[in-house]
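Chain by chain, the residues:
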Amino acid sequence: MKDATPGADDVERGQRIYTPLVLRGYDLFVLGFSNRFAWRCRSGTMLERYDRHVGKRHLDIGVGTGWYLDRCGWPVAEPEITLVDLNENSLAVASRRLARYAPETVHASVLDPLPLGERRFESAAANYLLHCLPGQIEAKAATLAANLRPCLEPGGVLFGGTILGRGVTHTRLGRRLMRLYNAKGIFSNAEDDEQGLARGLATGLEDVEVEVVGTVALFTARA
């Protein structure tokens, strides 16, 4: 079992794969192929959650390529978007994609208190982030909740999704990818389950809801 207090190298391993070359194929392979055939939770399902939850001041953590933020329906014409990621390549790709909104970028890890000053957000998303973080799911989710709560307005919503390792039925393809990604340190989710996720989020946030679609736990919680 992985240590609940991972070191810096453990955290680094989960995000270093996202080079400019890998990010060029991310939308096609992860969002187009893997979500549909490996994890059985289509990207459109997660996009609907962005449509439902994003506010005019939005914080996105673990930004990928910015695909969801690029395509979702914003409640205002000029949302205030802040992107947080430990990977500079992801920040660069996502910020270019979202240039029309002039997003702010912050290079930081969600496992540490976020350097956002007094800013408060109506919504925050952590999509496909937790399964990349080392450690036990309850501890990871509790850290996420603790570090995000000060950044959310009262009633503000955190939402996202994470791939589970336990309590779900993986396809043959999913099992192969899980073994490969966990062996390489890209994922750290072999023991992640729905109950641990919910317990961790509930330590710092309220109204926690988790829905499992395929092998993905889709969650919401409020400050």
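What this report covers is the structure whose coordinates are included nearby. (Residues numbered from 1 in each chain as written. Predicted model: local features only at pLDDT ≥ 70, side-chain atom pairs only at ≥ 80, totals over all residues. Heavy atoms only, no water.)

**Remarks on the sheet that holds strand S3 (residues 104-107)**
Within the open sheet, the seven strands sit side by side as S3-S2-S1-S4-S5-S7-S6. Their pairing is mixed. Two strands in the sheet have a free side with no partner beyond their single neighbour: S3 and strand S6 (206-213). Put simply, the sheet's adjacent strands are angled 15° from each other on average, direction ignored. Alignment of strand S4 (residues 121-127) against strand S5 (residues 152-163), held across six bridges, turns out to be parallel. Among the inter-strand pairings, Ala126 is bridged to a residue of S5, identified as Gly160. Across the sheet, helix H7 (residues 137-148) lies against strand S1 (57-61), S4 and S5, angled at about 150° from S5, the strand it touches most. (Pairing = 2+ DSSP bridges. Helix = DSSP H or I, 4+ residues; strand = E, 2+ residues; numbered from the N terminus. Axes fitted to C-alpha atoms, helices over the stretch in contact; angles between N-to-C directions. Contact = heavy atoms within 4.5 Å.)

**Description of the packing of H7 against helix H9 (residues 194-202)**
Helix-helix packing is described using two parameters, namely the angle between the two axes and the distance between the axes. Contact geometry for H7 and H9: axes closest at 7 Å, N-to-C directions at 30°. Comparing their axes, H9 and H7 come out roughly parallel. Between H7 and H9 lies a crossing of right-handed hand. Seen from H7, the contacting residues are Ile137, Glu138, Ala141, Ala142, Leu144 and Ala145; seen from H9, they are Gly196, Leu197, Arg199, Gly200 and Leu201. Residue composition of the contact of H7 with H9, by class: seven nonpolar, two polar and two charged. (Parallel < 35°, antiparallel > 145°, perpendicular 65-115°, else oblique. Left-handed = near helix turned anticlockwise from the far one by under 90°. Nonpolar A, V, L, I, M, F, W, Y, C, P; charged D, E, K, R; others polar.)

**Points about unusual backbone geometry**
A negative phi angle characterises most non-glycine residues, just as the trans form characterises most peptide bonds. With phi around 60°, Arg40 is a residue other than glycine that occupies positive phi space. Inspection of the secondary structure assignment puts Arg40 in the loop between helix H3 (26-38) and helix H4 (43-53). Given a relative accessible area of 35%, Arg40 falls into the partly exposed group. For Ala102, which is not a glycine, the phi torsion comes out positive at approximately 50°. In this structure, Ala102 sits in the loop between helix H6 (88-97) and S3. (Buried < 20%, exposed > 50% of the residue type's maximum accessible area, 1.4 Å probe, protein only.)

**Some points on empty space enclosed by the protein**
Tallied over the entire structure, the rule returns two cavities of 30 Å³ or more. Roughly 430 Å³ of internal volume is contained in the largest cavity. At the level of secondary structure, the elements contributing two or more residues to the lining of the largest cavity comprise H3, S1, helix H5 (67-71) and strand S2 (80-85). Taken together, the residues of the lining of the largest cavity sort by class into 19 nonpolar, ten polar and two charged. Its boundaries defined by the atoms lining it, the second largest cavity holds a volume of some 40 Å³. Lining the second largest cavity are Met46, Arg49, Tyr50, Asn127, Phe159, Gly160, Gly161 and Leu218. Of all the secondary-structure elements, those providing two or more residues to the lining of the second largest cavity are H4 and S5. Of the residues contributing to the lining of the second largest cavity, the split by class is four nonpolar, three polar and one charged. (1 Å grid on protein atoms, 1.4 Å probe; cavity = no way out; pocket = protein on both sides within 12 Å on 5 of 7 lines; lining within 4 Å. Points joined across faces, edges and corners; volume = space filled by probe spheres on them.)

**A few points about the packing of H3 against helix H8 (residues 172-184)**
Taken N-terminus to C-terminus, the directions of H3 and H8 make an angle of 125°; their axes are 9 Å apart at the nearest point. If you check the angle between H3 and H8, you find them oblique. Contacts between H3 and H8 pair Phe29, Phe33, Ser34, Phe37 and Ala38 from the former with Leu173, Gly174, Leu177 and Tyr181 from the latter.

**Structural notes on the pairing of S2**
Counting buried residues along S2, five of its six residues qualify, which places the element largely inside the surrounding structure. Across five bridges, S1 lies against S2 in parallel orientation. Note on S2: the bridge partner recorded for Ile61 is Val84. Here S2 pairs with S3 via four bridges, running parallel. Bridge pairing in S3 links Val84 to Val106. Between the parallel elements S2 and S3, the chain passes through H6 in a crossover that is right-handed. (Right-handed = clockwise from strand over helix to strand, strands pointing away.)

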